[in-house]
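Take a look at the letters that make up each chain.
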Number of protein chains: 2
Amino acid sequence: MVREPGVQSDDSPEKRPTLDPWHGHYAARAADMIASEVRALFAVASRPEVVSLAGGMPNVSALPLEVVSAMMADLVTRQGAVALQYGSAQGVESLRESVCEVMALEGIAARPDDVVVTCGSQQALDLVAKVFLDPGDTVVTEAPTYVTAISTFAAYQARVAHVPMDGDGVVPEALADAFDRLRAEGRPAKLFYTVPTFQNPAGVTLAAGRRRRVLEVCRRAGVLVLEDNPYGLLRYDGEPVRPLRADAGRDEVVYLGSFSKTFAPGLRVGWALAPSAVRDRLVLAAESAVLSQSPLTQLVVDRYLRTQPWGDQLKVFREMYRERRDAMLRALTEHMPPGTTWTVPEGGFFVWATLPDGLDAKAMLPRATSARVAYVPGTGFFANGDGRAHLRLSFCYPPPDRIAEGVRRLGDVVAQEIALRDTFGVTGARDGRGPQSPGPELP
Amino acid sequence: MVREPGVQSDDSPEKRPTLDPWHGHYAARAADMIASEVRALFAVASRPEVVSLAGGMPNVSALPLEVVSAMMADLVTRQGAVALQYGSAQGVESLRESVCEVMALEGIAARPDDVVVTCGSQQALDLVAKVFLDPGDTVVTEAPTYVTAISTFAAYQARVAHVPMDGDGVVPEALADAFDRLRAEGRPAKLFYTVPTFQNPAGVTLAAGRRRRVLEVCRRAGVLVLEDNPYGLLRYDGEPVRPLRADAGRDEVVYLGSFSKTFAPGLRVGWALAPSAVRDRLVLAAESAVLSQSPLTQLVVDRYLRTQPWGDQLKVFREMYRERRDAMLRALTEHMPPGTTWTVPEGGFFVWATLPDGLDAKAMLPRATSARVAYVPGTGFFANGDGRAHLRLSFCYPPPDRIAEGVRRLGDVVAQEIALRDTFGVTGARDGRGPQSPGPELP
Ligand SMILES: Cc1ncc(COP(=O)(O)O)c(C=O)c1O
Ligand SMILES: Cc1ncc(COP(=O)(O)O)c(C=O)c1O
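What you are looking at is a predicted structure, and each value in this text was computed from that prediction instead of being measured.

Thresholds, definitions, all that
- Residues numbered from 1 in each chain as written.
- Chains lettered and ligands numbered in written order.
- Predicted model: local features only at pLDDT ≥ 70, side-chain atom pairs only at ≥ 80, totals over all residues.
- Heavy atoms only, no water.
- Helix = DSSP H or I, 4+ residues; strand = E, 2+ residues; numbered from the N terminus.
- Rg over C-alpha atoms; globule rule 2.2 N^0.38 Å.
- Buried < 20%, exposed > 50% of the residue type's maximum accessible area, 1.4 Å probe, protein only.
- Contact = heavy atoms within 4.5 Å.
- Areas by Shrake-Rupley, 256 points an atom, 1.4 Å probe, with all protein chains shown as cover.
- Lys, Arg positive; Asp, Glu negative; His and termini not counted.
- Charge placed at Lys NZ, Arg CZ, Asp CG, Glu CD.
- Buried area = accessible area lost by both parts, 1.4 Å probe.
- Salt bridge = Lys/Arg side-chain N within 4 Å of Asp/Glu carboxyl O.
- Polar contact = N/O pair within 3.5 Å; in protein donor to acceptor, adjacent residues only side chain to side chain.
- Near = heavy atom within 4 Å.
- Nonpolar A, V, L, I, M, F, W, Y, C, P; charged D, E, K, R; others polar.
- Pairing = 2+ DSSP bridges.
- Right-handed = clockwise from strand over helix to strand, strands pointing away.
- Axes fitted to C-alpha atoms, helices over the stretch in contact; angles between N-to-C directions.
- Least-squares fit on C-alpha atoms with pLDDT ≥ 70 in both.

### Some details on the overall build of chain A
Summing up its helical and strand segments, chain A has 13 helices and 14 strands in all. Taking 22 Å as the expected radius of gyration for a compact globule of 443 residues, we find that chain A reaches 22 Å, a close match to that expectation. With respect to the three principal axes, the spread of C-alpha positions in chain A is 70 × 55 × 55 Å. Per-residue burial over chain A gives 65% buried out of 443 residues. Here the analysis covers contacts within chain A between residues at least 6 apart in sequence; of these, 77% occur between residues at least 24 apart. For chain A, the exposed area adds up to about 15100 Å²; of that, 53% sits on carbon and sulfur atoms. Placing the 48 positive and 53 negative side-chain charges of chain A at their respective mean positions leaves the two points 1 Å apart.

What follows is the structure in structure tokens.
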């Protein structure tokens, strides 16, 4: 029903060659705005007969909708004149207090004054990029990294340099080397963007023992850490790890959080916790971007946190997602041909799989969708074309039996690809093997 | 309660000189992000003893809150899984259909496919700037113009060139001259940003007879028109005028609309109607800015438009604001010393006043707030420091008797300023006199 942007059916009028009268008028940055591969998949992946392991949509139907509904009605009746009015660009104060309590659960001590509420953490990412990145600046990220972060940095004409991860997250020595190399090349890194916990897409977590070392490497190199942590509270087993921000100096990290995965993405409420001087600039940038966020959706989140047993709801989410993760891991073990490997995430939404030698996840996708299963090919998560050997599998949205069926279909497709390879020779790219092995090098 | 951004009390810790460790790291554009003078006023203007003629907040308490509350509850109960989930970056399709019906009321024929829903029309303004403006590019605007448009263009390091208005809006010949001059100077205009109807801040409307001529001037110069029309449906007398977009070619205008003034700003729902190729880029820019708008607030607006007698509500708003405008105009006539002039708006929220020779609205503001009345000095609405002779008076928020009292206080302050001037000589700036007289020249 909702037409997906960036997706055009072959007979759409837009496909016909038209003369764009404003062709020569766009900003240079507009040329770098790219449609994400994830989006382009949605039309296919949302056909009912397809098991989609592609999207990263949380399962909001697990929320008590009647309760949320009643809460919202009461809010508008009692506080409508505030909820429906313009708000401040920094965000509703009582929500900023609640946000500090949420962060405290993971060990972060922060003041509401240093929080800026944003339209999802995506907007926080955009505003940080806007405030820091000049054209040609370099952002260092994990390889692979969050797909929309790549397009956001590209929209400010920054360059992305990747640093490899292993099963314990980014390798501190490789990070130090990257900073050194970039400095020697005359383009020192400005930001280190990291999703250290239950990473999207790789599902790996930066080991607790590496975190101080990563901070130290960034401190030495004078690089600001941009820590993106939307999944931290969704741990299914293992020991909690503290966010980088919890053990860093106040000025060393801009921390991004979100209620999209712990409550509901449709409210579009996320935040940035930033050093005071950075916060001032983020507030100005937010004001010129949107004047203010919706006080209504902010107050809904605040009231939910203050009046509902949301810790219990979080437990419901965790149990549901754990079951789905386990269904996926079991099915992978059962159905994947030898030579396929995958990460085992302790939380979050994603498993990162690596195909047997010579297979290409991007080339395989049409065959997979014919077999009624969808995933995201790894290439979307690299800025440099790497990632063909990989695919991201999400276990957040379909129920366990559908996940098992999807993985079974995928196993068949991979087996057929192997047979093709053995008959016709190597068809795929032989790029870096990602988390399990020496990863792709810096571009 | 909500701390206003950009406003710091003198004893705030932020005021103490601190070393910003990221001082040399910001993007060049961050240096051009400016705190708006309007925002800085809010702390003072919101003191209960002050009559604020400063803000532009619509009077949302005139909405039937119980009805909105019930509608929202029902929406979450029935469509919660959609309303609380991620949506498309272009916006909810049924709302885009409704938006086309709203635009049709003013004579615009458009397809839902060419509409992009945004977080208030402010975000649409930001995205258009992002897609079109390289550093150093020039945007032509009316003088004065909407304050946040100035800061949005500044955030993309564009230059603003003003064109004078008279009581019938922008002067087409002056616009043509400006385009010629800018081209001759080697910095041709990229956009003409205009609020043609019930302008913020001047309250004037571009005369129907001038509209085709303005379009023609832009067409000849190859300049894209950015038409911002949040107040068009709030007309209190006189004949409706068609938006520029209604009589332009499909590719000539990017049109911005908003539900902030006709429904509720706290929902943050606005839109852009754009040529197809521009729309594609706006959707990509929206995706990298916020992933998607809130489907919840979009569905609230859509349902309101489809199920509520919103035309009747619009009548309620119109009658309420007409009464307030009349109260302001009556009070101005009664209390303003000779030599003061003002515009007579046929709709919208604002009256633009010009002080007697030699008076300075910015210098006068502290005296006015001591006398318990607030306004916005004209300087905020110019990119070039002009506007000291002017002030913007809003009649949207306080009830009629408070407006009358505020203008009475203001009249006293102006009379005292005149007495000071006559005793000590000219204290104010002698810049352009705005709409009533030959305006400020191009910078
Ligand atoms: C790593 C990461 N960062 C940021 C986001 C954006 O989330 P939101 O804007 O909904 O808060 C996502 C969403 O999937 C994500 O996976
Ligand atoms: C001329 C003009 N444009 C745009 C806006 C932004 O409105 P919104 O973002 O709430 O749609 C305003 C708000 O006052 C305005 O006066």
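### A short note on the interface of chain A and chain B
Counting residues at the interface gives 99 residues for chain A and 99 residues for chain B. Together, the buried faces of chain A and chain B total about 8300 Å²; carbon and sulfur atoms form 59% of this surface. Taken as a group, W22, L84 and Y86 of chain A account for 9% of the area that chain A buries against chain B, more than any other trio of residues on that side. Across the contact surface, chain A and chain B share four salt bridges. Across the pair R281 of chain A and D20 of chain B runs a salt bridge whose closest N-O atoms are separated by 3.9 Å. For the pair chain A and chain B, the number of links is 42 residue pairs in polar contact (both at pLDDT 80 or more).

### Concerning the site of ligand 2
The full set close to ligand 2 counts 15 residues, and Y86 of chain A together with D228, Y231, S258 and S260 of chain B are the nearest of them. Surrounding ligand 2 is a set of residues that belongs to chains A and B. Within the side chain of Y86 of chain A, an N or O atom sits 2.6 Å from an oxygen atom of ligand 2. Take D228 of chain B: an N or O atom from its side chain is 2.5 Å from a nitrogen atom of ligand 2. It is helix α5 (residues 120-132) of chain B that provides the largest number of residues to the shell around ligand 2, a total of three residues. Each residue belonging to the shell around ligand 2 can be placed in one class, and the counts come to six nonpolar, six polar and three charged.

### A few points about the site of ligand 1
Taken together, 15 residues lie around ligand 1, and D228, Y231, S258 and S260 of chain A together with Y86 of chain B are the ones closest in. The environment of ligand 1 is shared, with nearby residues belonging to chains A and B. For ligand 1, an oxygen atom lies 2.8 Å from a polar atom in the side chain of N200 of chain A. Within the side chain of S258 of chain A, a nitrogen or oxygen atom sits 2.6 Å from an oxygen atom of ligand 1. Examining the composition of the shell around ligand 1, we find that three residues originate from one element, helix α5 (residues 120-132) of chain A, more than from any other. Tallied by class, the residues present in the shell around ligand 1 amount to six nonpolar, six polar and three charged.

### A closer look at the pairing of strand β4 (residues 159-166) of chain A
Residue and element names in this part refer to chain A. Burial of β4 is extensive: six of the eight residues sit out of reach of the surface. The sheet contact formed by strand β3 (residues 138-143) and β4 spans six bridges and is parallel. Each residue of the ladder has a partner; that of A143, found in β4, is P164. Running through helix α6 (residues 147-155), the crossover from β3 to the neighbouring parallel element β4 is right-handed. By the bridge criterion, two bridges tie β4 to strand β5 (residues 169-170) in an arrangement that is antiparallel. Considered in β5, the bridge of D166 is made with G169.

### Details of the pairing of strand β11 (residues 350-354) of chain A
All names here are of chain A. With five of five residues buried, β11 is to be regarded as a mostly interior element. With burial as the criterion, each face of β11 is covered, one bearing F350, W352 and T354 and the other bearing V351 and A353. Bridge count for strand β10 (residues 341-342) against β11 is two bridges, and the pairing is antiparallel. Looking at β11, one finds that T341 is bridged to T354. Relative to strand β14 (residues 390-394), β11 is paired through five bridges, and the arrangement is antiparallel. Bridge assignment links V351 to a residue of β14, and that residue is L393.

### Considering the sheet that holds strand β8 (residues 253-258) of chain B
Residues and elements named next belong to chain B. Taken in spatial order, the eight strands line up as β2-β9-β8-β7-β6-β3-β4-β5 in an open sheet, and their pairing is mixed. Across the chains shown, the open sheet's two edge strands, defined by having one partner strand only, are β2 (115-118) and β5 (169-170). In the packing of α5 onto the sheet, contacts are made with β2, β6 (189-194), β7 (224-228), β8 and β9 (270-273), and the angle to β8 comes to roughly 155°.

### A few points about the relation of the copies chain A and chain B
Superposing chain A onto chain B requires a rotation of 180° together with a translation of 0.0 Å along the rotation axis, leaving an RMSD of 0.0 Å. Those values place the two copies in the arrangement expected of a two-fold rotation axis. Among all residues of chain A, the one whose C-alpha sits closest to the rotation axis is A73 of chain A, at a distance of 2.6 Å. An overlap of 100% is found between the interface residues of chain A and their copies at the interface of chain B, pointing to a shared contact surface.

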